[in-house]
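# Summary of the model geometry
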Amino acid sequence: MTTLNSLQAGRALAAIAVAAFHLSINMGIERYGGQAVFADYTWFGDRGVDFFFVLSGFIILLAHHRDIGPPATVATYLQKRFVRVFPVYWIYTLGFVAAFMVVGATDAKIPTNAADWLTTISLLRFTTVAPP
């Protein structure tokens, strides 16, 4: 597999720009200080989302271009994607829900029924609930 360090660095910069943009927005909320102090520097950060996903798609395609076509490779690809995404997401979600139950200070909504939990755990839309 070819490594493209400059593209990976571009992806990292895009992710940092998006995080800084959201941090600045949240700092503008009254309960977090009410002043978006870095807004002059982070206003363009939301553009990093599109860049990040397009670049990620290119990198995934580059890494798996040999796998396109042979049906036997689909299961391996899906297994690798699942292992890379879901365990970390589940740990984060569990930690967030536990923290919410202890502290409770957030605008996020915790799922209230089985269908909402299924949507949250699977990341597939069975209901309109937004995962916490």
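About the thresholds
Residues numbered from 1 in each chain as written. Predicted model: local features only at pLDDT ≥ 70, side-chain atom pairs only at ≥ 80, totals over all residues. Heavy atoms only, no water. Helix = DSSP H or I, 4+ residues; strand = E, 2+ residues; numbered from the N terminus. Buried < 20%, exposed > 50% of the residue type's maximum accessible area, 1.4 Å probe, protein only. Axes fitted to C-alpha atoms, helices over the stretch in contact; angles between N-to-C directions. Parallel < 35°, antiparallel > 145°, perpendicular 65-115°, else oblique. Left-handed = near helix turned anticlockwise from the far one by under 90°. Contact = heavy atoms within 4.5 Å. Nonpolar A, V, L, I, M, F, W, Y, C, P; charged D, E, K, R; others polar. 1 Å grid on protein atoms, 1.4 Å probe; cavity = no way out; pocket = protein on both sides within 12 Å on 5 of 7 lines; lining within 4 Å. Points joined across faces, edges and corners; volume = space filled by probe spheres on them. Phe/Tyr/Trp six-rings, centres within 6.5 Å; stacked < 30°, edge-to-face > 60°. Lys, Arg positive; Asp, Glu negative; His and termini not counted. Salt bridge = Lys/Arg side-chain N within 4 Å of Asp/Glu carboxyl O. Polar contact = N/O pair within 3.5 Å; in protein donor to acceptor, adjacent residues only side chain to side chain.

### Regarding the environment of Leu94
- You can see Leu94 is positioned in helix H4 (residues 72-102).
- Residue classification places Leu94 among the exposed residues on the basis of a relative accessible area of 61%.
- Residues Leu94 and Phe44, 50 residues apart in the sequence, show an inter-C-alpha distance of 32 Å.

### Quick look at the packing of helix H1 (residues 5-27) against helix H3 (residues 47-64)
- Contact pair H1 / H3: the axes reach a minimum separation of 8 Å and the direction vectors enclose 150°. Of the possible angle classes, the one that applies to H1 and H3 is roughly antiparallel. You can see that H1 and H3 cross each other, and the crossing is left-handed. Of the residues in H3, those touching H1 at Leu7, Gln8, Gly10, Arg11, Ala14, Ala15 and Val18 are Gly48, Val49, Phe51, Phe52, Leu55, Ser56, Phe58 and Ile59.
- Its residues assigned to classes, the contact of H1 with H3 comprises 10 nonpolar, four polar and one charged.

### Points about the layout of surface pockets
- Taken as a whole, the largest pocket holds about 410 Å³ of empty space.
- Elements with a minimum of two residues in the lining of the largest pocket: H1, H3 and H4.
- Its residues placed into classes, the lining of the largest pocket shows eight nonpolar, three polar and three charged.

### Here we look at the packing of aromatic side chains
- All chains considered together, the criterion is met by five aromatic pairs.
- Centre to centre, the rings of Phe82 and Phe86 are 4.9 Å apart; their planes meet at 25°, and the pair counts as stacked. With a gap of four residues between them, Phe82 and Phe86 both fall in helix H4, about one helical turn apart.
- For Phe82, a relative accessible area of 39% puts it in the partly exposed group.

### Things to note about unusual backbone geometry
- In the Ramachandran plot, Leu123 falls in the positive-phi region, its phi being about 65° despite a non-glycine side chain.
- The topology assignment puts Leu123 in the segment after helix H5 (114-122).
- On the basis of relative accessible area, Leu123 is assigned to the partly exposed category, the value being 41%.

### Section: the side chain of Asp116
- Summarising the element assignment, Asp116 is placed in helix H5.
- No salt bridge is formed by the buried Asp116; the nearest opposite charge belongs to Arg125, separated by 8.1 Å.
- Of note is the side chain of Asp116, whose polar atom sits 2.7 Å from the side chain of Thr127.
- Discounting residues that sit within four places of it in the chain, Asp116 has contacts with Pro111, Thr127 and Val129.

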